[in-house]
Amino acid sequence: MITDVCRLNDNANDPNVALDQVERCAAYVGLEKKQSLQLRLLAEEALGMARGMLGSFEAEFWIEANGKDFKIYLDMNADIDAEKREDLIGISTGRENEATKGVMGKLRRMIEFALYGDNDTTAKYITSSIFAPESIMGSSSDIGALYTWSLVDYMNQVKLEKEVNIEKWDELEKSTVAKLADDVKVSVYVHRVKMVISKSFK
């Protein structure tokens, strides 16, 4: 089944409409209470990241379920002029750094960087550090994607560097998404980013 598509933006971003779709989907396929909660938490993480986005954007949110295999979709786009872009750069370079903490915080900053193309050196560093080299040059099955990122690939990379990069490992240990999701895939296009969170309940 595919849920209704919820359209979200920075001005009218009511998560309850989208979360209602999550609850209905979970009930439809007969998830247990704990499983429903996990699915909702993953959806809340995705929606929370969207609500924390810098600047104007539009997004579509929906869920696809095949039995108890779920995919949570968040498709975001932004089309801004040069003046608005400069304003965003000023905001992004001047604001506090808490948005870049944790796996989802870094993903959010990377997505802003991809959508708005700003010159924030912090965002550039996050983008280069969170994307594994093998995932940058269009290794995605998504035709037209400039580059992609996978949570599974990132986790494997961090595990290899565990002893020399404690901070990234700690972030993964504390991440709700890293604990609950089977994978998270991010595909970056021109002024558009698609995120898919996969979760299977056995």
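Conventions we followed
- Residues numbered from 1 in each chain as written.
- Predicted model: local features only at pLDDT ≥ 70, side-chain atom pairs only at ≥ 80, totals over all residues.
- Heavy atoms only, no water.
- Helix = DSSP H or I, 4+ residues; strand = E, 2+ residues; numbered from the N terminus.
- Buried < 20%, exposed > 50% of the residue type's maximum accessible area, 1.4 Å probe, protein only.
- Contact = heavy atoms within 4.5 Å.
- Areas by Shrake-Rupley, 256 points an atom, 1.4 Å probe, with all protein chains shown as cover.
- Phe/Tyr/Trp six-rings, centres within 6.5 Å; stacked < 30°, edge-to-face > 60°.

Asks: Requested: an account of the overall build of the chain, with residues and values cited.
Replies: For the chain, the count of helices and strands is eight helices and six strands. Secondary structure elements in the chain, listed N-terminal to C-terminal, are β-α-α-β-β-α-α-α-β-α-α-α-β-β. Relative to its 202 residues, the chain shows a buried fraction of 49%. Of the contacts formed within the chain by residues at least 6 apart in sequence, a portion of 64% connects residues at least 24 apart. Here the chain has roughly 10500 Å² of accessible surface; of this, 49% comes from carbon and sulfur atoms.

Asks: Go over the packing of aromatic side chains, please, and point to the residues and values.
Replies: One pass over the full model with this rule turns up two aromatic pairs. When the ring of W62 is compared with that of Y73, the centres are 4.8 Å apart and the planes differ by 5°; the resulting orientation is stacked. In this pair, W62 sits in strand β2 (residues 58-66) while Y73 sits in strand β3 (residues 69-77), placing the two residues eleven residues apart along the sequence. Each member of the pair W62 and Y73 is classed as buried.

Asks: Outline the environment of I72, listing residues and values.
Replies: Its place among the elements puts I72 in strand β3. Taking the relative accessible area as the measure of exposure, I72 reaches 2% and is therefore buried. Once the C-alpha coordinates of I72 and K199 are considered, the two residues, 127 residues apart in sequence, prove to be 8.3 Å apart. In this structure I72 touches L39, L42, A43, F61, W62, I63, M195, V196 and I197, once residues within four positions along its chain are discounted.

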